[in-house]
Amino acid sequence: MEEFHKVRRLPPYVFEQVNRLKASARAGGADIIDLGMGNPDLPTPKAIVDKLCEVVQDPRTHRYSSSKGIPGLRRAQAAYYARRFGVKLNPDTQVVATLGSKEGFANMAQAITAPGDVILCPNPTYPIHAFGFLMAGGVIRSMSVEPDDSFFPPLERAVRHSIPKPLALILNYPSNPTAYVATLDFYKEVIAFAKKHDIIVLSDLAYSEIYFNDAPPPSVLEVPGAMDVTVEFTSMSKTFSMPGWRMGFAVGNERLIAALTRVKSYLDYGAFTPIQVAATHALNGDGSDIAEVRSIYKRRRDVLVDSFGKAGFEIPPPEATMFAWAKIPEKFRHLGSLEFSKLLVEKADIAVAPGIGFGEQGDDYVRIALVENEHRIRQAARNLKRFLSTADETMHNVISLNAHR
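This structure is a prediction, so every number in the text was calculated from the model and none was measured. Residue indices begin from 1 for each chain and proceed along its sequence in written order. In keeping with the predicted nature of the model, local features appear solely for residues at pLDDT of at least 70, side-chain atom pairs appear and are counted solely at 80 or more, and the whole-chain, interface and lining totals rest on all residues. Note: side-chain values were computed over all heavy atoms of the structure, leaving out hydrogens and water.

*Asks:* Help me out: how do you make sense of the sheet that holds strand β3 (residues 118-122) in this one?
*Replies:* Each strand in a sheet pairs with its neighbour through backbone hydrogen bonds, running either in the same direction (parallel) or in the opposite one (antiparallel). Strands were regarded as paired on the criterion that DSSP finds at least two bridges between them. Numbering of helices and strands runs from the N terminus, with a helix taken as a DSSP run of H or I at least four residues long and a strand as a DSSP run of E at least two residues long. Taken in spatial order, the seven strands line up as β2-β8-β7-β6-β5-β3-β4 in an open sheet, and their pairing is mixed. At either end of the open sheet lies a strand with only one pairing partner, and these are β2 (95-98) and β4 (139-143). The mean inter-strand angle of the sheet, taken between neighbouring strand axes irrespective of direction, is 20°. In the sheet, β3 pairs with strand β5 (residues 168-172) via two bridges, with the strands oriented parallel. The convention used is that axes are lines fitted to C-alpha atoms, helices contributing only their stretch in contact, and that angles between N-to-C directions extend from 0 to 180 degrees.

*Asks:* How should the sheet that holds strand β12 (residues 365-369) be read in this particular structure?
*Replies:* Reading across the sheet, the three strands line up as β9-β12-β11 and stay open at both edges, with antiparallel pairing between neighbours. Looking at the sheet topology across the chains shown, the edges are occupied by β9 (323-327) and β11 (353-354). In this sheet, β12 lies alongside β9 in antiparallel orientation, the contact comprising five bridges. Across the sheet, the residue bridging to Lys 327 is Tyr 365, located in β12.

*Asks:* How should I be thinking about the UniProt feature "domain: Aminotransferase class I/classII large" (unreviewed entry) in the chain in this particular structure?
*Replies:* Mapped onto this structure's residue numbering, the UniProt feature "domain: Aminotransferase class I/classII large" (unreviewed entry) falls at residues 31-382. End C-alpha to end C-alpha, residues 31-382 measures 13 Å, and it is 40% helix and 14% strand. UniProt positions are given in the numbering used here, feature names are shortened, and annotations may be inferred rather than shown by experiment.

*Asks:* Which parts of the structure should I look at to understand the packing of aromatic side chains?
*Replies:* When we look at a pair of aromatic rings, we describe it by the centre distance and by the angle of the planes. Here a pair means two rings of Phe, Tyr or Trp (six-membered ring of Trp) with centres within 6.5 Å. Their orientation is stacked below 30 degrees between planes, edge-to-face above 60, and tilted elsewhere. For the coordinates displayed, the defined rule picks out 18 aromatic pairs. When the ring of Phe 151 is compared with that of Phe 152, the centres are 5.4 Å apart and the planes differ by 75°; the resulting orientation is edge-to-face. Taken individually, Phe 151 and Phe 152 each receive the classification buried, so the pair is uniform in this respect. Consider the rings of Phe 313 and Phe 340, whose centres lie 6.2 Å apart with planes at 85°: the pair is edge-to-face. Taken as a pair, Phe 313 in the loop between α11 (288-311) and β9 and Phe 340 in helix α12 (residues 337-348) lie far apart in primary sequence, 27 residues in all. Using a relative accessible area of 2% as the deciding quantity, one classes Phe 313 as buried. Here's how the labels work: a residue is buried when its accessible area is under 20% of the maximum for its type, exposed when over 50%, partly exposed in between, all with a 1.4 Å probe on protein chains only. On the basis of relative accessibility, which here comes to 0%, the residue Phe 340 falls in the buried class.

*Asks:* Just checking my understanding: could you explain the side chain of Asn 253 for this structure?
*Replies:* Along the chain, Asn 253 turns up in the loop between β8 (248-252) and α9 (254-267). Taking relative accessible area as the criterion, Asn 253 reaches 12% and is therefore assigned buried. Definition of a polar contact: a pair of N or O atoms within 3.5 Å, with one able to donate and the other able to accept a hydrogen when the atoms are protein atoms, and with sequence-neighbouring residues admitted only if both atoms are side-chain atoms. Here Asp 228 takes part through its backbone oxygen, which lies 3.1 Å from a polar atom of the side chain of Asn 253. Polar side-chain contacts of Asn 253 include one of 3.1 Å to the backbone nitrogen of Arg 255.

*Asks:* Where do I start with the packing of helix α2 (residues 14-27) against α12 in this structure?
*Replies:* Direction vectors running N to C along α2 and α12 enclose 10°, while the axes themselves pass 10 Å from each other. Taken together, the axis directions place α2 and α12 in an arrangement best described as roughly parallel. Judged by the twist between their axes, the crossing of α2 over α12 is right-handed. Where α2 approaches α12, its residues Val 14, Gln 17, Val 18, Leu 21, Lys 22 and Ala 25 are matched on the opposing element by Leu 338, Ser 341, Lys 342, Val 345 and Glu 346. Each residue is assigned to one of three groups, with Ala, Val, Leu, Ile, Met, Phe, Trp, Tyr, Cys and Pro labelled nonpolar, Asp, Glu, Lys and Arg labelled charged, and all others, Gly among them, labelled polar. In terms of residue class, the contact of α2 with α12 is made up of six nonpolar, two polar and three charged. By the definition adopted for this analysis, an angle is roughly parallel if under 35 degrees, roughly antiparallel if over 145, roughly perpendicular if from 65 to 115, and oblique otherwise. Here is the rule for handedness: rotate from the far helix to the near one, and if that takes an anticlockwise turn smaller than a right angle the crossing is left-handed, while a clockwise turn gives right-handed. Whether two residues are in contact is decided by their heavy atoms, any of which lying within 4.5 Å being enough.

Rendered as structure tokens:
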């Protein structure tokens, strides 16, 4: 039977090929060090778990919840934005809770996209940024991801040559997978461009609290007038080590938030109420849990950069996020990121994410997640060093050195 239209529009999920190889290797007894999926290994802070356990004892919380989020949770998110960014939000009209930022992006795409609408999307980027709009019938026009002067000429060309004119521009800083960090001056230029051309700005700020220097990443909503055209998505998954809890937010322009809220009201009843109450407790905390998570990732980053560099795989130290974006060693670059990632599983017992999974512009890179402890990262470096030192003798067992992409 022919594939359904929306399924047919989606490319093969390249990460699944690495996942199958990883599962097969583990079934054969291999100790795979998994630095692939960005799935935090740190436990959710005890105080948050305790609050969940307390609230879940009340049977009244077992009923349907609110798809836009309970009032206390929306107030807590508004208070967080006021403390962290100096941005004032109306919790009733400018904040909606989402089932993680991924769901928020996908349902925003459903809410605002007509068939054929053009979306300006970074390449490489987190897959839902493009695929959410593809499934909604939109058309993706790839843009540069570096937040510098090179970002804007392609935007100008896109406005001149796209029919219809682009509907929305997607931002993601700190970036997954590249770990680029944007400045407030960059955001000011983006907002000026968006307002000039009547383009919606959708910002993914999931990694706002995972940074490694003294300059916390800004929100685009800090720019005067940004609220006129912008919605920003955040998540508690990385900040509070709550990935399985599926709790995130969309905040910003009232008209766009209203559209997202209406779509969600038809599709879900919101997160389980005890989860929302526990999330409220987390947001109203003193920030010590966030600081501890940040320090752990920084130590892991430093160990990764140092140990992999000594093993022969140079990794630029990321300024933020829980990822490193590393160019494949020259010797293996002709293989492409998928085959190189398979090679690391088979020959070094290391799993990473192939850059091609984030867009064709990422095929010379792999993404390495800081989701194993420092001991395991050093072990991965030893495995890597052993593989790299013997690659000339062992590569023929996997793939020809003369293979073409």
